[in-house]
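Take a look at the letters that make up each chain.
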Amino acid sequence: MLRWAQARRERRATHTVLVLGDSHVRVFEHWWFLWALPRVRWHIEYVPGGTATGLPNPRSQTQAASRFLAALRSVPHDSVVLNLGEVDTGYTIWARAAREAQDAQAPQRLMQQAADRYIAFITELAAHHRLLVVSAPLPTLPDDFEPADAVGTTRKALPHTQAERTALTLAFNDRVAAACAALGVPYLDDRAASLGPDGLVSPAWQRRDRADHHYHRGTYARWLARALKPHLRTLAPAP
């Protein structure tokens, strides 16, 4: 059934979206997009561990920027969806701040640096592509989580609470959202749907079977498809 739906999508597609980001953009592989947006073809270029902080660094470990730029040159597309920042606000910023233990303002300063580097990249893309930016996913790992993989073990070593990590992510997203508004770039922020009454991610947005720093894929896919639909109409090329 899935292959049939994919083949049907290829025949009917009228809009091609290139998705750039870290591992969180793999949500666009979910079958829900075949049903909810059947005329959209998705090309996903994801860089595991990609960060906003490392975008301007040609020697960064992940080479995210060069991989994204290569995809922009080689993949025919009508519009671009971009999503980075969770690795920064969920881990990298805190790890770097720990090395600057005497500087209590390090997390905020490093967050602003990461956001500003991201904004510079967004500005560059927006000058040449029909662009939409999705907010960095919020922290899903509770303070008492049990690591289920190497990434979880690495993140567990940092002492910062989910509330602290959430506040930093929201501040990062606010800074990026303000820049996108100034640039006229559409920006999607999931906080109204994903945050519970306690100010942390709702259980419906967390994986139920294991501790994972990714959102629940089905919940996230449904929200994204619904939120993207009106924007894809405006981002589509003129006939």
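Residues numbered from 1 in each chain as written. Predicted model: local features only at pLDDT ≥ 70, side-chain atom pairs only at ≥ 80, totals over all residues. Heavy atoms only, no water.

(A) Layout of the sheet that holds strand 4 (residues 131–134). Strand order in the open sheet formed by 5 strands is 2-1-3-4-5, with parallel pairing between adjacent strands. Two strands bound the open sheet, and with one partner strand each, they are strand 2 (40–46) and strand 5 (187–188). With 7 bridges joining them, strand 1 (residues 15–21) and strand 2 adopt parallel strand pairing. By the bridge assignment for strand 2, L18 is matched with H43. Contacts from helix 3 (residues 64–74) reach strand 1, strand 2 and strand 3 (79–83) within the one sheet, and its direction differs from that of strand 1 by about 170°. Along the sheet face, helix 5 (residues 106–126) touches strand 1, strand 3 and strand 4 and points at about 155° away from the line of strand 4. (Pairing = 2+ DSSP bridges. Helix = DSSP H or I, 4+ residues; strand = E, 2+ residues; numbered from the N terminus. Contact = heavy atoms within 4.5 Å. Axes fitted to C-alpha atoms, helices over the stretch in contact; angles between N-to-C directions.)

(B) Representation of the pattern of salt bridges in the model. Applying the stated criterion to the full structure yields 10 salt bridges. Between D209 and R207 there is a salt bridge; the shortest N-O distance is 2.6 Å. A relative accessible area of 58% means that D209 is categorised as exposed. Each of R26, E29 and R217 takes part in salt bridges that share partners, so that together they form one network. (Salt bridge = Lys/Arg side-chain N within 4 Å of Asp/Glu carboxyl O. Buried < 20%, exposed > 50% of the residue type's maximum accessible area, 1.4 Å probe, protein only.)

(C) Geometry of empty space enclosed by the protein. Tallied over the entire structure, the rule returns 1 cavity of 30 Å³ or more. Lining the largest cavity are E86, G90, L138, P139, T140, L141, R155, R165 and H213. (1 Å grid on protein atoms, 1.4 Å probe; cavity = no way out; pocket = protein on both sides within 12 Å on 5 of 7 lines; lining within 4 Å. Points joined across faces, edges and corners; volume = space filled by probe spheres on them.)

Geometry only, nothing functional implied.
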